[in-house]
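Chains, contacts and geometry: an overview
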Amino acid sequence: MKELFNTSWETAMLIIISTLGIYTAVILFTRISGKRSFSKMSSFDFAMTVAIGSIVASTILSSSVKLIEGVLGLGVVYLIQSIIAFARRNKTVQKIVDNSPLLLMDGNEIISSNLIKAKVTEGDLRSKLREANVTELSQIKAVIFETTGDISVLHKEDNNPIDLWLMKDVKRN
């Protein structure tokens, strides 16, 4: 038990300096590359966030990783993220990196096969509909499982169709 609280002042100071250095580097790189670095956008962005967390933890807590090595690792991860963000403008790269939005409901019709693909239960769907202030299924124009994992509910407030541009990448099946 005593081992859990036993450390030297030298080790404590190295952790403090590494923490300040790597924290400063994360702030600097995030400011340069933009807020997307920690946004909820795609599985690629999630992987980037995990990589950053791992580098930060390793740099702070591992005596074998020097501060300069952690900062260099962060720089490379942010560079990769910036390159992929630019390359996403290409449809092929976008299909590899991003998920496609998926139609979960078309009007009041639940598309069960898409619920299974999205790993969304009917309970999850009901919860999201309540959250979106749906009181009757007849109020729904469409429910979409977004690339971020969010669920969007489009309300039927009039008889106008949904603009095709909004549904451009949404997969029905």
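Position labels on residues start from 1 in each chain and follow its written sequence. Owing to the predicted nature of the model, reporting of local features is limited to residues with pLDDT of at least 70; listing and counting of side-chain atom pairs is limited to 80 or more, with chain, interface and lining totals taken over all residues. Derived side-chain values reflect all non-hydrogen atoms in the structure, with water molecules and hydrogen atoms excluded from consideration.

This part covers the packing of helix α1 (residues 9–33) against helix α3 (residues 67–87). Whenever a helix is involved, its axis is fitted only over the stretch in contact; in every case the axis is a line through C-alpha atoms, and angles between N-to-C directions fall within 0 to 180 degrees. Helix numbering and strand numbering both begin at the N terminus, where a helix is a DSSP run of H or I of at least 4 residues and a strand a DSSP run of E of at least 2. Contact geometry of α1 with α3 gives a least axis separation of 10 Å together with a crossing angle of 20°. Compared by their axis directions, α1 and α3 come out roughly parallel. For the element pair α1 and α3, the recorded crossing hand is right-handed. The segment α1 lies against α3, with Ile17, Ser18, Gly21, Ile22, Ala25, Val26, Phe29, Thr30 and Ser33 engaging Leu67, Gly70, Val71, Leu74, Gly75, Tyr78, Gln81 and Ser82. Charged means Asp, Glu, Lys or Arg here, nonpolar means Ala, Val, Leu, Ile, Met, Phe, Trp, Tyr, Cys or Pro, and polar covers whatever is left, Gly included. Taken together, the residues of the contact of α1 with α3 sort by class into 9 nonpolar, 8 polar and no charged. By definition in this entry, angles of less than 35 degrees are roughly parallel, angles greater than 145 are roughly antiparallel, angles of 65 to 115 are roughly perpendicular, and the rest are oblique. Helix crossings get a hand from a simple test, with the near helix turned counterclockwise from the far one by less than a right angle marking a left-handed crossing and a clockwise turn marking a right-handed one. The contact criterion used throughout is that any non-hydrogen atoms of two residues lie within 4.5 Å.

This part takes up a nonpolar patch on the surface. A cluster of nonpolar side chains, namely Met13, Ile16, Ile17 and Leu20, defines an oily patch on the protein surface of about 390 Å² accessible area. Mapped onto the elements, methionine 13 comes out in helix α1. The residues that make up patches have over 30% relative accessible area and no salt bridge, and they are joined within 9 Å when like-charged or within 5 Å when they are Val, Leu, Ile, Met, Phe, Trp or Tyr. All accessible-area figures derive from a Shrake-Rupley calculation using a 1.4 Å probe, and residue coverage is judged against the displayed protein chains alone. Salt bridges are identified by distance alone: a Lys or Arg side-chain nitrogen within 4 Å of an Asp or Glu carboxyl oxygen.

Let's shift gears to the pattern of salt bridges. Evaluation of the coordinates by the stated rule reveals 4 salt bridges. Here glutamate 109 and arginine 172 are joined by a salt bridge, their closest N and O atoms 3.5 Å apart. Of this pair, glutamate 109 sits in strand β2 (residues 109–110) while arginine 172 sits in the segment after β4 (151–155); the two residues are 63 residues apart in sequence, bridging distant segments of the chain. A salt bridge links lysine 128 to glutamate 131; its shortest N-O distance comes to 2.8 Å. Within this pair, lysine 128 and its partner glutamate 131 are both found in helix α6 (residues 122–131), separated by 3 residues, close to a single helical turn. A simple rule labels every residue: compare its accessible area, found with a 1.4 Å probe on the protein chains alone, to the largest value its type can have, and call it buried under 20%, exposed over 50%, or partly exposed in between. Taking relative accessible area as the criterion, lysine 128 reaches 22% and is therefore assigned partly exposed. Taking the relative accessible area as the measure of exposure, glutamate 131 reaches 56% and is therefore exposed.

Pairing in this open sheet of 4 strands is antiparallel, and the strands run β2-β1-β3-β4 from one edge to the other. Looking at the sheet topology across the chains shown, the edges are occupied by β2 and β4. Both strand β3 (residues 140–145) and β4 contribute to a ladder of 5 bridges, which runs antiparallel. Directly across from isoleucine 140, in β4, lies its bridge partner histidine 155. Any two strands with at least two DSSP-identified bridges between them are counted as paired.

The next subject is a positive patch on the surface. Asp and Glu are treated as the negative residues and Lys and Arg as the positive ones, with His and the ends of the chain left uncounted. Each charge is placed at NZ for Lys, CZ for Arg, CG for Asp and CD for Glu. Among the surface-exposed residues, Lys91, Lys95, Lys117, Lys168 and Lys171 lie close enough to one another that they form a single positively charged patch. Its place among the elements puts lysine 95 in helix α4 (residues 91–97).

Another aspect to go through is the confidence of the model for the protein chain. pLDDT expresses, on a scale from 0 to 100, how confident the predictor is about each individual residue. Residue-level pLDDT values for the protein chain average 86, and 94% of them are 70 or greater. Confidence scores differ between elements of the protein chain, with α4 showing the lowest mean pLDDT of 83 and strand β1 (residues 102–106) the highest of 95.

On to the packing of α1 against helix α2 (residues 43–61). Put simply, α1 and α2 touch, their axes get as near as 8 Å, and they point 155° apart. Classified by the interaxial angle, the pair formed by α1 and α2 is roughly antiparallel. Crossing handedness for the pair α1 and α2: right-handed. Judged by residue contacts, Ile15, Ser18, Thr19, Ile22 and Val26 of α1 engage Ile52, Val56, Thr59 and Ile60 from α2. Across the contact of α1 with α2, the residue classes break down as 6 nonpolar, 3 polar and no charged.

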